[in-house]
Amino acid sequence: MASQTAQSTPGGGPDHPAGPVFGTPESFAVVAGSAPEALAGITSVVCVPTFKRPDMLEATLRSLASQKGGHDFAVIVVENDGIERAGAARASALLAAGLFKGFVIVEPRQGNCKAYNAAWRCALTRFPALEQILGIDDDEEAEPGWLDAFVTAARTAPAELFGGSVTPVFTDVSRAWLLAHPVFRSHYSASGPVPMLYSSANYLIRRGVLERLGFPFLDESFDFTGGGDTDFFTRAKAAGFRFWWVQEAAQHETMPARRSEFGWIHARGLRNGAISAAIERRQNPGTAGRLRVLAKSLALLAAAVPRGLALGIRTGSGLIGLYHAQVAIGRLMSEFGVANEQYRKPEKN
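Owing to the predicted nature of the structure, the values given are computational and were not obtained by experimental measurement.

### Focus: the overall build of the protein chain
Across its full length, the protein chain carries 11 helices and 12 strands. For the protein chain, whose C-alpha radius of gyration is 20 Å, the value lies close to the compact-globule estimate of 20 Å for 349 residues. If you line up the protein chain on its principal axes, its C-alpha atoms span 60 × 50 × 40 Å. A total of 349 residues make up the protein chain; the buried ones form 53% of that total.

This is the structure we're talking about:
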């Protein structure tokens with residue numbers, strides 16, 4: 001899909017234009033919203049994608065309503081279930097009750113990248129004073145200081161994209177040892193500049209990044225495999241944008257029992273490998289580039305045994321020690337067009 005750079009329209013002042021113009025019709029519908037005058041001065045908008053988890057979505061929204069620091073912000077809930085719309089119904093009721101202000105929209109085309117694109121587009125076109133967008137998933141809850149930590153960092157740090165920590169909370173407490181597994185760990189643990197972000201589970205992005213990279217912001221070919229966020233951050237890095245980690249901008253994520261099972265963890269390892277290889281192939285086009293990516297995959301497979309042994313010994317878990325091999329195998333599978341579409345059925349993810 002060709003990128004369309006968002007063009008700003010006059011009317012909102014030099015720093016905060018009235019909003020960008022897009023070359024295609026909106027794919028989403030607004031089903032509930034606050035009065036325009038309540039949103040006119042909002043600079044921070046939190047985007048919450050949801051799919052078939054109304055109870056968890058409500059917990060997410062209540063955690064946002066409990067934020068400390070006195071910051072004025074709005075929320076965009078984007079429902080990605082175009083049929084039942086249970087999340088949209090719950091969010092609309094909570095908006096009407098005054099729990100939050102903002103919009104509830106429905107993106108009927110299933111896919112996590114489509115949902116993010118809809119939410120970010122809605123933020124850019126409905127909030128003339130917008131400075132930054134933030135994000136949280138519908139299986140996560142923000143700590144009370146989450147927003148304040150991000151906004152404070154964004155005021156002073158020399159960066160345009162910010163990430164924060166996400167701590168898994170296993171519903172099966174006996175599986176808490178899996179916190180040592182790479183698929184459950186945040187990439188960083190200390191605040192400060194970082195080379196790049198990889199996940200959209202917990203983020204703050206300045207408005208200018210979206211306007212520079214253009215619409216669609218996330219490549220929708222990653223809808224069901226995942227990796228659209230990593231691809232987006234990779235393109236942002238190539239464009240010269242800078243990254244910052246805010247450890248204090250903390251969330252916790254509910255991990256249902258199925259995510260502690262071998263099958264789910266194995267699939268996630270394969271998926272991570274496939275995503276990394278796919279993005280590297282985009283950065284290295286042509287036959288020579290593809291051969292370089294293949295050579296790296298083979299080298300990672302060869303190194304997986306000693307690396308896996310070291311990881312298994314360090315964590316005391318053979319299951320965790322398999323991770324490096326799973327990533328390497330996933331990379332090689334992707335060379336033959338095998339895509340692990342772990343998000344094809346989000347309710348089972």
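### Here we look at the pairing of strand β11 (residues 202-206)
For β11, the tally of buried residues reaches four of five residues, placing the bulk of the element in the interior. Where strand β7 (residues 132-136) and β11 come together, five bridges link them in antiparallel fashion. Pairing of L134 across the sheet is with L204, part of β11. Of the strand pairs in this sheet, strand β9 (residues 161-170) and β11 are connected by three bridges, and their pairing is antiparallel. Directly across from F162, in β11, lies its bridge partner L204.

### Here we look at the packing of aromatic side chains
A complete count under the given rule lists 14 aromatic pairs for this structure. Ring geometry for W120 and Y203: centres 5.8 Å apart, planes at 70 degrees, overall edge-to-face. With W120 in helix α4 (residues 112-126) and Y203 in strand β11, this pair connects stretches of sequence that are 83 residues apart. Accessibility classification places W120 together with Y203 in one group, the buried group. Ring geometry for F184 and W264: centres 5.9 Å apart, planes at 10 degrees, overall stacked. One end of the pair, F184, is in the loop between β9 and β10 (192-194); the other, W264, is in helix α8 (residues 262-283), and 80 residues separate them in sequence. Owing to a relative accessible area of 5%, F184 belongs among the buried residues under this scheme. Residue W264 is classed as buried on the basis of its relative accessible area of 8%. Among the aromatic residues, ring-to-ring pairing joins F22, Y116, W120, Y203, F215, F217, F232, F233 and F243 into one connected group.

### Topic: the layout of surface pockets
In this structure, the second largest pocket encloses a volume near 230 Å³. Along the walls of the second largest pocket sit 15 residues, with F222, T225, A274, A278 and A339 positioned nearest its centre. With six residues, the top contributor of residues to the lining of the second largest pocket is α8. Residue classes in the lining of the second largest pocket are distributed as six nonpolar, six polar and three charged.

### Considering the confidence of the model for the protein chain
In this model, the protein chain carries a mean pLDDT of 92, and residues with pLDDT of at least 70 account for 92%. Scored below 50 in pLDDT, residues 7-18 shows 22 contacts in the model against residues more than four places distant or in partner chains.

Here is what the cut-offs are and how they apply
- Residues numbered from 1 in each chain as written.
- Predicted model: local features only at pLDDT ≥ 70, side-chain atom pairs only at ≥ 80, totals over all residues.
- Heavy atoms only, no water.
- Helix = DSSP H or I, 4+ residues; strand = E, 2+ residues; numbered from the N terminus.
- Rg over C-alpha atoms; globule rule 2.2 N^0.38 Å.
- Buried < 20%, exposed > 50% of the residue type's maximum accessible area, 1.4 Å probe, protein only.
- Pairing = 2+ DSSP bridges.
- Phe/Tyr/Trp six-rings, centres within 6.5 Å; stacked < 30°, edge-to-face > 60°.
- 1 Å grid on protein atoms, 1.4 Å probe; cavity = no way out; pocket = protein on both sides within 12 Å on 5 of 7 lines; lining within 4 Å.
- Points joined across faces, edges and corners; volume = space filled by probe spheres on them.
- Nonpolar A, V, L, I, M, F, W, Y, C, P; charged D, E, K, R; others polar.
- pLDDT = per-residue confidence, 0-100.
- Contact = heavy atoms within 4.5 Å.

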